[in-house]
Amino acid sequence: MIRSWQRWNNASRKWLWVLVIVGILASVPVIAQRVQTESSANKVEFVFNYRGLVDIASYQADPQAYLDEQLDRLKEAGVGTMAMFESTLDELSKTRRIMVFSSVEAAKLNGAVITENGNYTYLAFTNAENEAQLKPMIEAAFRKLDVPVANWQYQDQGGLVIGMGMEEAVIKPLPLDPIAFAMLREKGFTILPRLSDNIPYDQEEMDQELAFFAENGVTRILFDGEAVKGYTDNESKNSLQGFADSLKKHGIGIAAIENLKAPQKGFNKLAYLIDYNVVRLHSLADTEATQEKATLADRFVLATKDRNIRMVYLNASASKDLAKAAITNPIDNLIGSLQAPGKAIERIENNGFELGQAEAFTIHDASWQKYLKALVVLGGVAFVALLISFFLPSLTLAAFVLGLIGSAGLYVLKPVLMEQALALFVAISAPTIAMILAIRKVQELQEKHSTLLPGGRRLTHTIVLFIKTSLLSLTAVPFVIALLNNITYSLVLNQFRGVSLLHLGPILLIAIYVFLYRGNSVWEELRKWLSMPITVLWVAVAAVLGIAALYYLSRTGNAGTLLPGEAAFRSFLENAFGVRPRNKEFLLAHPLFIVGLFAAFRYRWAMFAMIIAVMGQLSMVDTFAHIHTPAVLSLIRDVLGMGLGLVMGLIAVLVWQIIERCWDKWSPRLLKL
């Protein structure tokens, strides 16, 4: 019975490989549709924060003239859109449309004594035109908040008295400044409204506002704050559905801000309700706007090319420079990054993009994809079962059957979790299997040839094994792409999960294989290792490896700290090749794989290098786990990393050969000393 079960398990491997191949073939049409989706939107939109510009202008001797001048310069530099927040009394004051006074200041103006009760806000309009356009807007906004508003007179100017303390009144949201809106449209700017969820949602009012936006060329909205418009009142008013219906009615989409600490509440649901009329937006903080022009230009180019960014949002603010005894701002620096010397816009256009209003991707997701994905799931489960077969051969069939049952159950309960989990397990399986087969091939050649192979044959076997191993590792890629082929991943509304496990899993599995599976039996090797005495050297090595592992894991996400000079080196690679290969692949893992295999044909201990070298194999798969990066670009990055890694590996082999020959020549003499 046991022997029969073993025969079934051994025979099943062939059929599992067949299922893997079927899964790869089924993924090809799905991959083609993803590439179609990624190439369907190529317009890049540069947006400037109008509120920041108003703040900068308020420090100038002639604010309005300065504002006009900078708007013209930004327009000429390639900034086609101005982001307008919901206005406030404070912003209207900075643009000299109103004057705001507290109760104390109003009393002084009137030559009166302040009363004990009545902490109000007083405002005066600076001219009749401002009063005509702004007074109804301000009255309606505060009365909607149940705040009393009455007429007030300051000298010959009309005004209002608002029944609220000035500190609070100046931050209450008002509709967009209609005067600034008209001025910016006249100058040729598109408007990107920034709406908040700070006031009760009113469907009729919102629909009227969106209709006005659509009439004035607005195609997209960006949200301000931690929630989308209508999120707070959604339970009582179903406001997200109403807001989504109005957005679709007027042909207006939304923008997703990249790398927020937490997603804006309600964003994913709203994106779904408007059929993912969403573009990704990269925001440059005002504190970052003073970076070198070349650095900023590289950042904008990479964002559009590498991360499906279609809107670049520029912030700027005034700051005190005590050394110059002046109020400075980064507008000149930003313009220099877009034009010469940074030439960001020229470089973006050279990459196949054009300036214009950002458009959402046209989603190519044919109904037949679900049938092909079923075959991909079947092949993915087979791939994971194959990995288990290398460590626990007797469980091969059981692993496959249980994998199918588990996948079916997860698909019914949580289909997204099933896709993510299977993509992760396949991503771990492929590079691990590829590395194990490479190790086995070296052992097979060692056993086949009793004498040492010549250097030329060792090198030939090494190069062939490097290419075969890399290609086998990349067989995980079709599964990852097909399983996670959904617009939510491209827009980073959903993400590949388990990145840390992907970066650690293959390393741990290869370590187990190298330590325990190269002898006569696992238990014999395990007893041998457990019986070895623990020395101070072992403890020191373990401590160093632990620190290295922590640093390695810290580099797997977006928050990793770069080494000194690494940013400049990355920029050099990007500019030299157009696509930056991963440093850990071509500088460490791939060369270590090549020189490690070359040495392993002679020295058994050299096989331990494979524990680190597998980093390169898993890194190639991980490149495609960044779904927001175009698949074609990820492929170029991997191939480039392999090519450069091969060159670096050959150099390492040459150095190793020199060391090896020197050792062969001089070691006998050293041993006699």
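Residues numbered from 1 in each chain as written. Predicted model: local features only at pLDDT ≥ 70, side-chain atom pairs only at ≥ 80, totals over all residues. Heavy atoms only, no water.

Asker: Just checking my understanding: could you explain the sheet that holds strand β4 (residues 121–125) for this structure?
Answerer: Sheets are built from strands that pair by backbone hydrogen bonding, the pairs being arranged parallel or antiparallel. With antiparallel pairing, the 4 strands of this open sheet are ordered in space as β3-β4-β6-β5. Looking at which strands have only one partner, the edges of the open sheet turn out to be β3 (98–102) and β5 (149–154). When strand polarity is set aside, the average angle formed by the axes of neighbouring strands in this sheet is 25°. One ladder, built from 6 bridges, connects β5 with strand β6 (residues 157–162); its direction is antiparallel. Counted as the bridge partner of V149 is I162 from β6. (Pairing = 2+ DSSP bridges. Helix = DSSP H or I, 4+ residues; strand = E, 2+ residues; numbered from the N terminus. Axes fitted to C-alpha atoms, helices over the stretch in contact; angles between N-to-C directions.)

Asker: Could you clarify how one ought to interpret the side chain of R310 in this entry?
Answerer: Following the sequence through the fold, R310 ends up in strand β11 (residues 309–314). At 8.4 Å, E359 is the nearest oppositely charged side chain to R310, a buried residue that forms no salt bridge. One polar contact links the side chain of R310 to the main-chain carbonyl oxygen of T304, over a distance of 3.2 Å. Those residues in contact with R310, other than ones at most four positions away along the chain, are E38, A41, N42, K43, V44, E45, V279, R280, T304, F353, A358 and F361. (Buried < 20%, exposed > 50% of the residue type's maximum accessible area, 1.4 Å probe, protein only. Lys, Arg positive; Asp, Glu negative; His and termini not counted. Salt bridge = Lys/Arg side-chain N within 4 Å of Asp/Glu carboxyl O. Polar contact = N/O pair within 3.5 Å; in protein donor to acceptor, adjacent residues only side chain to side chain. Contact = heavy atoms within 4.5 Å.)

Asker: Help me understand the packing of helix α2 (residues 50–57) against helix α3 (residues 63–77) in this model?
Answerer: Two packed helices can be described by the angle between their axes and the distance between those axes. The N-to-C vectors of α2 and α3 enclose an angle of 140°; their axes lie 9 Å apart at closest approach. Accordingly, the angle class assigned to the pair α2 and α3 is oblique. α3 is crossed by α2, and the crossing has right-handed handedness. Residues Y50, L53, V54, I56 and A57 of α2 form the contact with α3, whose participating residues are P63, Y66, L67, Q70, L71 and L74. Looking at the contact of α2 with α3 residue by residue, the classes come out as 10 nonpolar, 1 polar and no charged. (Parallel < 35°, antiparallel > 145°, perpendicular 65-115°, else oblique. Left-handed = near helix turned anticlockwise from the far one by under 90°. Nonpolar A, V, L, I, M, F, W, Y, C, P; charged D, E, K, R; others polar.)

Asker: When you look at a nonpolar patch on the surface in this model, what are you seeing that I'm missing?
Answerer: Taken together, the side chains of F569, F572, L587, L588, I612, V647, M648, I651, V655 and I659 make up a nonpolar region of the molecular surface, amounting to roughly 840 Å² of accessible area. For the nonpolar patch, the secondary structure elements donating two or more residues are α25 (566–577), α26 (583–600) and α28 (631–672). Sorting elements by how many residues they give to the nonpolar patch places α28 first, with 5 residues. With respect to the helices and strands, I612 occurs in helix α27 (residues 610–625). (Patch = residues over 30% accessible without salt bridge, like charges linked within 9 Å, V, L, I, M, F, W, Y side chains within 5 Å. Areas by Shrake-Rupley, 256 points an atom, 1.4 Å probe, with all protein chains shown as cover.)

Asker: What is the right way to look at the packing of helix α19 (residues 455–473) against α27 in this model?
Answerer: The contact between α19 and α27 brings their axes to 9 Å, and the two run at 35°. Both α19 and α27 take part in a crossing whose hand is right-handed. From α19, T469, S470 and S473 reach across to α27, where they touch Q617, M620 and V621. Residue composition of the contact of α19 with α27, by class: 2 nonpolar, 4 polar and no charged.

Asker: How should I be thinking about empty space enclosed by the protein in this particular structure?
Answerer: Unoccupied space between atoms shows up once a probe the size of one water molecule is rolled over them. One pass over the full model with this rule turns up 2 cavities of 30 Å³ or more. If you add up the space inside the largest cavity, you get close to 40 Å³. Residue lining of the largest cavity: Q443, Q446, R518, A600, Y603, R604 and M607, and that is the complete set. Here the second largest cavity is characterised by a volume of approximately 30 Å³. Forming the walls of the second largest cavity are E45, T81, T190, I191, L192, T219, R220, M311 and Q357. (1 Å grid on protein atoms, 1.4 Å probe; cavity = no way out; pocket = protein on both sides within 12 Å on 5 of 7 lines; lining within 4 Å. Points joined across faces, edges and corners; volume = space filled by probe spheres on them.)

Asker: Hey, could you run me through the layout of surface pockets in this one?
Answerer: Put simply, the second largest pocket is a space of about 670 Å³. Lining the second largest pocket are 26 residues; nearest its centre among them are M137, P175, L176, E205 and E209. Taken together, the elements giving at least two residues each to the lining of the second largest pocket come down to α6 (128–144), α8 (178–186) and α9 (203–215).

Asker: Which parts of the structure should I look at to understand the pattern of salt bridges?
Answerer: Across all of its chains, the model carries 22 salt bridges by this definition. Across the pair E205 and K144 runs a salt bridge, and its minimum N-O distance is 2.9 Å. Placement of E205 in helix α9 and of K144 in helix α6 is noted, with a sequence separation of 61 residues between them. Each member of the salt-bridge network shares a partner with another, and the members are D55, D90 and K94.

Asker: Explain the pairing of β3 here, please?
Answerer: Within β3, 4 of the 5 residues are buried, leaving the element largely enclosed by the surrounding structure. Sheet topology note: the β3/β4 ladder contains 5 bridges and is antiparallel. Note that in β4 the partner of F101 across the bridge is Y122.

The values are spatial; any link to function lies outside them.
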